[in-house]
Amino acid sequence: MTLRHVPVRSMAVGFALALWMGASAADADAQTRREGKWQFNIPITFTFSQTIDGQGESSVDLSNDVGWGFGFGYHLNENFFLGGEITWLRASYNAMIPWDDDGDQNPDGTAQIGGTLDASSFQAIGQYNFLENKLFTPFVRGNLGFTYTDSNIASGPPQGSCWWHPWWGYICGSWVPTYDRWSFSFGGAAGIRADVSRSFFLEASFNALWVDFANATPVFDGIRLNIGWLF
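Some details on the overall build of the chain
Next, step 1: When helices and strands are tallied, the chain shows 2 helices and 12 strands.
Next, step 2: Helices (α) and strands (β) of the chain occur, in sequence order from the N terminus, as α-α-β-β-β-β-β-β-β-β-β-β-β-β.
Next, step 3: Buried positions account for 35% of the 231 residues belonging to the chain.
Next, step 4: Pairs at least 24 apart in sequence give 64% of the contacts found in the chain among residues at least 6 apart.

Describing the packing of aromatic side chains
Next, step 1: Applying the stated criterion across every chain yields a total of 18 aromatic pairs.
Next, step 2: Here Trp68 and Trp88 contribute two aromatic rings whose centre-to-centre distance is 5.2 Å and whose plane-to-plane angle is 40 degrees, an arrangement assigned as tilted. Separated by 20 residues along the polypeptide, Trp68 in strand S4 (residues 65-75) and Trp88 in strand S5 (residues 80-99) bring together distant segments of the chain.
Next, step 3: On the basis of relative accessibility, which here comes to 44%, the residue Trp68 falls in the partly exposed class.
Next, step 4: Residue Trp88 is classed as partly exposed on the basis of its relative accessible area of 34%.
Next, step 5: Each ring, one from Phe70 and one from Trp88, has its centre 6.1 Å from the other, and the planes form 80 degrees; the classification is edge-to-face. In this pair, Phe70 sits in strand S4 while Trp88 sits in strand S5, placing the two residues 18 residues apart along the sequence.
Next, step 6: The exposure class assigned to Phe70 is partly exposed, which follows from its relative accessible area of 35%.
Next, step 7: Joined through ring pairs, the aromatic side chains of Phe40, Trp68, Phe70, Trp88, Phe200 and Trp229 make up one cluster.
Next, step 8: Sitting over the ring of Phe201, Arg193 keeps its end group 3.9 Å from the ring centre.

Focus on unusual backbone geometry
Next, step 1: Of note in the backbone geometry, Asn133 takes a positive phi value of approximately 50 degrees without being a glycine.
Next, step 2: Among the structural elements, Asn133 can be located in the loop between strand S6 (109-129) and strand S7 (136-154).
Next, step 3: Here the phi dihedral of Asn152 falls at roughly 60 degrees; this positive angle occurs in a residue that is not glycine.
Next, step 4: Structurally, Asn152 is set in strand S7.
Next, step 5: Residue classification places Asn152 among the partly exposed positions, given a relative accessible area of 36%.

What about the pattern of salt bridges?
Next, step 1: Counted by the stated rule, this structure contains 7 salt bridges.
Next, step 2: Note that Glu78 is salt-bridged to Arg34, the shortest N-O span being 3.6 Å. One end of the pair, Glu78, is in the loop between S4 and S5; the other, Arg34, is in the loop between helix H2 (27-30) and strand S1 (38-47), with 44 residues separating them in the sequence.
Next, step 3: Given the relative accessible area of 7%, Glu78 is considered buried.
Next, step 4: Judged by relative accessible area, which is 0%, Arg34 ranks as buried.
Next, step 5: Measuring nitrogen to oxygen at the nearest pair gives 3.8 Å for the salt bridge that ties Glu203 to Arg141. Taken together, the residues span a long stretch of sequence, with Glu203 in strand S11 (residues 200-212) and Arg141 in strand S7 at a distance of 62 residues.
Next, step 6: Counted as one network, the salt bridges with shared partners bring together Arg34, Glu78, Arg141, Arg193, Asp195 and Glu203.

Here is what the cut-offs are and how they apply
All residue numbers here refer to positions counted from 1 along the written sequence of the relevant chain. Given that the model is predicted, a residue must reach a pLDDT of at least 70 before its local features are reported, and side-chain atom pairs must reach 80 or more before they are shown or counted; all residues, however, enter totals for whole chains, interfaces and linings. For side-chain calculations, the full set of non-hydrogen atoms in the structure is used, while hydrogens and water are omitted. Only DSSP runs of H or I with at least four residues qualify as helices, and only runs of E with at least two residues qualify as strands; both kinds are numbered from the N terminus onward. For every residue, the accessible area obtained with a 1.4 Å probe (protein chains only) is divided by the maximum for its type, and the residue is called buried under 20%, exposed over 50%, and partly exposed between those limits. Only heavy atoms enter the contact rule, under which two residues are in contact if any of them lie within 4.5 Å. Two rings from Phe, Tyr or Trp (for Trp, the six-membered ring) form a pair when their centres sit within 6.5 Å of each other. Planes less than 30 degrees apart are called stacked, planes more than 60 degrees apart edge-to-face, and all others tilted. To sit over a ring, a charge needs its Lys NZ or Arg CZ within 6 Å of the ring centre and within 35 degrees of the ring normal. Throughout this description, the term salt bridge denotes a Lys or Arg side-chain nitrogen within 4 Å of a carboxyl oxygen of Asp or Glu.

Next up, the structure:
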């Protein structure tokens, strides 16, 4: 059993258990009441490992990891949902970096570096639930927004300054600038939703997110368990 399969199986078992609980609910609770309700949810996403190729034979091997976030939105009716979400991911990586000693734009050698990147996504979401007033419904979702990525690789020497804080007095601090960027991102998902009760639901889905970096647009895919409440 690999590390990649453990979270996948755990999510599948958890969702199956929730479906069994929902199937045992009374008919009054089994019928959804999404229309005109607000939704708050906590997405837990297992992102698959992958290799991203860049310019000059550079590449990054990104490990699989689990991210999470918060979502909020409104059900226009039983089918259409509009909202937004913020998600975070912290994953380790190994990168192959070609170097150029003489400036002729031809690699003179390569170096391997390892580190941990931080990524945050801010996405607007539109979701279509196919079935009305049913305990289970398949759905499709589209999203677009921006993703902030910090490689945590130093881009310069440490910097610092001192200042007077109105409460804490005279303070000095330092930090190290890193390579980071904001990128346009978009994606989609397909899955199944279970309205376990009138106020609680679960979703299981396959997700994909494309991030438009300067020289590449890799896709980050994975599976998601979405835990949410209606009010």
